[in-house]
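Given next are the chains, with one letter for each unit.
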Amino acid sequence: MPKDSVIGQAQKRREDKRFTTGKGRYTDDIVLKNQTYAAFARSEVAHGAIRGVDTSAAESMPGVLAVFTGADFVEVGGNPAGWLIHSRDGTPMTEPKRPVLAHGKVRHVGDAYAAVIAETAEQARDAAEAISADIEELPAIVNMAEAVANSDNRVHDEVPSNVCFDWGWIEDNRAATDAAIKSAAHVTTLELKNNRLSPNPMEPRCSIGDYDTGTDDYTLYTTSQNPHLTRLLLSAFVMGIPEHKLRVVAPDVGGGFGSKIYHYGEEALVLAAAKRLGRPVKWTSSRTEAFVTDAHGRDHVTKIELATDEEGHFLAVRTETMANLGAYLSNFATATPTFLHGTLMAGNYTVPNVYVNVKGVFTNTVPVDAYRGAGRPEATFSLERVIDKCARELGMDPIALRRKNYIKPDQFPYTTPVALEYDTGNYDAVMDRLEEMADLGGFEARRAESEKAGKLRGIGIASYIEACGIAPSNLVGVLGGRVGLYDAATVRVNPTGNVLVMVGAHSHGQGHETTFPQIVAERLGIDPAMIEIVHGDTARIPFGMGTYGSRSLAVCGSAVVKATEKIIDKAKKIAGHMMEAGDGEVDFEDGVFSLRGTNKNVPWGDVALKAYIPHDFPLEMIEPGLEETAFYDPANFTFPAGAYACEVEVDPATGKVDVVSFAAADDFGNVINPQIVEGQVHGGLAQGVGQALLEHAVYDGEGQFLSGSYMDYTMPRAYDVPSFRVDHSVLTPCTHNPLGVKGCGEAGAIGSPPAVVNAVIDALHRAGKTGVTHIDMPLTPSRVWSAIHES
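Cut-off values and rules
- Residues numbered from 1 in each chain as written.
- Predicted model: local features only at pLDDT ≥ 70, side-chain atom pairs only at ≥ 80, totals over all residues.
- Heavy atoms only, no water.
- Helix = DSSP H or I, 4+ residues; strand = E, 2+ residues; numbered from the N terminus.
- Rg over C-alpha atoms; globule rule 2.2 N^0.38 Å.
- Buried < 20%, exposed > 50% of the residue type's maximum accessible area, 1.4 Å probe, protein only.
- Contact = heavy atoms within 4.5 Å.
- Areas by Shrake-Rupley, 256 points an atom, 1.4 Å probe, with all protein chains shown as cover.
- Lys, Arg positive; Asp, Glu negative; His and termini not counted.
- Charge placed at Lys NZ, Arg CZ, Asp CG, Glu CD.
- Salt bridge = Lys/Arg side-chain N within 4 Å of Asp/Glu carboxyl O.
- Pairing = 2+ DSSP bridges.
- Axes fitted to C-alpha atoms, helices over the stretch in contact; angles between N-to-C directions.
- Patch = residues over 30% accessible without salt bridge, like charges linked within 9 Å, V, L, I, M, F, W, Y side chains within 5 Å.
- Right-handed = clockwise from strand over helix to strand, strands pointing away.
- Arc of directions from axis to C-beta.
- Polar contact = N/O pair within 3.5 Å; in protein donor to acceptor, adjacent residues only side chain to side chain.

Asks: Describe the overall build of the chain, naming the residues involved and giving the relevant values.
Replies: Summing up its helical and strand segments, the chain has 19 helices and 28 strands in all. A globule of 791 residues ought to have a C-alpha radius of gyration of about 28 Å, and the chain, at 27 Å, matches this closely. The dimensions of the chain, computed from C-alpha atoms along their principal axes, are 85 × 70 × 55 Å. Looking at the chain residue by residue over its 791 residues, the buried ones come to 61%. Residue pairs in contact within the chain that sit at least 24 positions apart in sequence constitute 81% of those at least 6 positions apart. Of the roughly 28,200 Å² of accessible surface on the chain, 50% is carried by carbon and sulfur atoms. Computing the positive centroid from 71 side-chain charges and the negative centroid from 102, the chain places the two 1 Å apart.

In structure tokens form, the structure reads like this:
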């Protein structure tokens, strides 16, 4: 280890210099020679049969170079789901085709059925508006319960119903769970909705297709969290482009929150158009388009039951959920409400029986997929809300009820009834830290001050656990995953001793260009400034699985460690040769190779240079160069956990909720850069507060999207959130990856919604409104006011 460790140091993000000075290079900043522009004609109805598309007017307009319709892509493949889910009866899910452009039917407002390529973006948009489509409007399928009940009106005519799958987890637990609930001394039941969200990354999606007529090579520049997956899908399933002839480049990406993991039809369209025209084609989404084309998140309707004995020990949890999939299966859509959700329904607790039933439902709405947390927030919200309700029914303190049922440190590794094995944790210690941070002893005094001002004050507690580092390929393969979930890194040492690290993960706000050098510098004993990270270009990086699910550090970071260890092993051979000894006699510390038992040593830079000047190498034993690649496939998920406390003030006259205090205690395992961790938690908390109080993607009964602009979709602003207090001092290192890390990117968005809602319900109960047991998110002033006056 270096004398001055860089692991755990709060180093400033090096990438922020270019972002804060306007030097970032995003996809829309790229302008290629002879570049043209694409615009799409999109459906204004939620459900309709396409009887004809007249493109003649558009084709004759100034600057128009080509017009495409769904008929041009009938013979190409569809965009597939990444997980095959089986229903409770063993039948595989239905998997209707998701086309590049709609053909035969449009299935949601915003569904693209034609595209125009023109010399300018304005000409393309004008021509797209001139396309005349004869669409026979059909009854929209919006409500999930009605979609399940009525199989005569279907989103996809080629499948028998609107139910994609009817999943049970674990089916062998079902009878025991039913029996435990039936015989329990107390059962708490709660019906709730997890509101649909629009992801709203700062940068809208953008794609540029380029085709080289001389080499038959394609290049796609795109806003992707996962460029290798995009290339694989385009090659193997959608366009049939040979993978070695397709390069995908994701430059700087302005946020994603999950929505940029997936392949979208616009990416295929610009590639096809570039080949037809022999010129680059760019499409940049407007914010209006983003609202009706970017994959939405959440949208669950759940009934959850929690059974306990007389003393409050958990006996069983049973849930029934309808999960909205939207009109088409997005790439992770089937995994998010099933294996990323149902496997977390035991939470942090020693509940012996759990059974989860999820129906995935097609509706005439934008496809729904993973959004920050991806299934884990939905599970945590249901569980932590029903626990709070249970505590009130039993007359118990909500913290005491949680502590009574926590898994204890001496019980790890702990296998849950939903088939996860938690390797380590200390939930009581995290709650101890939270109680200190939240100053629970001073709450009554603060409540009295709020009361003097005419406000109702409440406090809400929530615990959470999530499964990150997604995850062991052998496990996900058994569960229906269609890709591996390893990651990869290549470490290249240049002759002058500086280092290039090429990673399969993609950075779009996570700070990889800062944290990955810290990992390498720690092991090589060199200045992190000597290390550069390369990501996002499939022509330069090894095949990795991108960034999502808080996996970058635990999975790709572990690949970086393995590749760096290979570098050190080879460098020891070179150093041993230089000191006329075997590599088994060489030690390496603080950037210096030394011969054990002697005063002989050679510095890092000399060994790096020698690797490329092998004049006297025994070539049968030592190859020239110093470059290594490693793949890392995790042995298990990682399991970050935490406890959150939220205090709110409620104005009983208006129903307005103000979050006045928020404390977050998290166990992330070992921490590489605490400043980046703190920023990640702050961002997640803001998004969680946004979901709890403000955000809602709303459709009317005809499938029209009512919240398609920031006039109608409320994003959290600075004045909506307090100064968060976050802490990660209680840590239990992960036992199965070389860094001992667990992941932090999604935690804030997972634990905060139930804490906020619990706080509002607590405020109303303390004011005597005991009839209010639940309010669905978002807790807007009108909803809270109505609950107060109707209770």
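Asks: Can you lay out the pattern of salt bridges for me, pointing to particular residues and giving the numbers?
Replies: Oppositely charged side chains are able to pair whenever their charged atoms sit close together. For the structure on display, the rule yields 50 salt bridges. Residues Asp 537 and Arg 247 are paired through a salt bridge, measuring 2.6 Å at the closest nitrogen-oxygen approach. Linking Asp 537 in the loop between strand E21 (531-534) and helix H15 (552-578) with Arg 247 in strand E11 (residues 246-249), this pair joins segments that are 290 residues apart in sequence. Of the residues examined, Asp 537 reaches a relative accessible area of 7% and is grouped as buried. One salt bridge connects Lys 742 with Asp 667, and the closest N-O pair in it is separated by 3.2 Å. Note that Lys 742 is positioned in the loop between strand E28 (725-727) and helix H18 (747-766) and Asp 667 in strand E27 (residues 657-667), a separation of 75 residues in sequence.

Asks: Break down the sheet that holds strand E23 (residues 592-595) for me, citing the residues and quoting the values.
Replies: The sheet built from three strands is open, its strands ordered E22-E23-E24 with antiparallel pairing. Each of the sheet's edge strands pairs with one partner strand only, and the pair in question is strand E22 (586-589) and strand E24 (601-603). The sheet shows a mean angle of 20° between the axes of neighbouring strands, taken without regard to direction. Here four bridges tie E22 to E23, and the two strands are oriented antiparallel to one another. From the neighbouring strand, Glu 589 faces E23, where its bridge partner is Val 592. Packing against the sheet, helix H16 (residues 604-611) makes contact with E22, E23 and E24, and its axis sits at approximately 80° to E24.

Asks: Give a detailed account of unusual backbone geometry, specifying residues and quantitative values.
Replies: Residue Ile 170 is reached from Trp 169 by a cis peptide bond, and omega for that bond is -10°. Along the chain, Ile 170 falls in the loop between strand E7 (163-169) and helix H5 (174-183). Following Met 777, the chain continues into Pro 778 via a peptide bond in cis, with omega recorded as -5°. You can see Pro 778 is positioned in the loop between H18 and helix H19 (781-790). Even without being glycine, Arg 298 reaches a positive phi, approximately 65°. Relative to the helices and strands, Arg 298 resides in the loop between helix H8 (287-293) and strand E13 (300-308). You can call Arg 298 buried: its relative accessible area is 2%. Look at Asp 590: it is not a glycine, yet its phi comes out positive at around 55°. Residue placement: Asp 590 occurs in the loop between E22 and E23.

Asks: Mind laying out the sheet that holds E7, listing which residues take part and the relevant values?
Replies: Sheets are built from strands that pair by backbone hydrogen bonding, the pairs being arranged parallel or antiparallel. Strand order in the open sheet formed by five strands is E7-E15-E14-E13-E8, and the pairing between neighbours is mixed. Edge positions in the open sheet fall to E7 and strand E8 (186-194), since each of these has one partner strand only. Within the sheet, the average angular offset between the axes of one strand and its neighbour, ignoring direction, is 10°. Of the pairings in the sheet, the one linking E7 to strand E15 (residues 353-362) comprises six bridges and is antiparallel in character. Bridge pairing links Asp 166 to Lys 359 in E15.

Asks: Account for a negative patch on the surface, with residues named and values stated.
Replies: A contiguous patch of negative charge, built from Glu 565, Asp 569, Asp 583 and Glu 585, is present on the exposed surface. Within the secondary structure, Glu 585 sits in the loop between H15 and E22. By relative accessible area, Glu 585 is classed as partly exposed at 41%.

Asks: So what's going on with the pairing of E11? Residues and values would help.
Replies: The pairing of strand E10 (residues 217-222) with E11 spans four bridges and is classified as parallel. Considered in E11, the bridge of Thr 219 is made with Arg 247. With helix H6 (residues 227-238) bridging E10 and the parallel E11, this β-α-β connection has right-handed handedness.

Asks: Go over helix H3 (residues 121-130), please, and point to the residues and values.
Replies: Note that an α-helix has 3.6 residues per turn; residues three or four places apart therefore point the same way. Taken together, the buried positions of H3 are Ala 124, Ala 127 and Ala 128. Around the axis of H3, the buried residues are gathered within 105° of arc, so they sit on the same side. Of the surrounding secondary structure, the elements contacted by the buried residues of H3 are strand E1 (36-42), helix H2 (56-59), strand E3 (64-69) and strand E5 (112-118).

Asks: Pulling in residues and values, what's your account of the side chain of Ser 224?
Replies: Relative to the helices and strands, Ser 224 is located in the loop between E10 and H6. When its relative accessible area of 1% is taken as the criterion, Ser 224 is described as buried. Within the structure, the side chain of Ser 224 is placed 2.8 Å from the backbone nitrogen of Asn 226, a separation counted as a polar contact. In this structure the side chain of Ser 224 is engaged in a polar contact, spanning 3.5 Å, whose partner is the side chain of Thr 230. Beyond its immediate chain neighbours, meaning those up to four positions away, Ser 224 contacts Thr 230, Ala 250, Val 253, Lys 260 and His 506.

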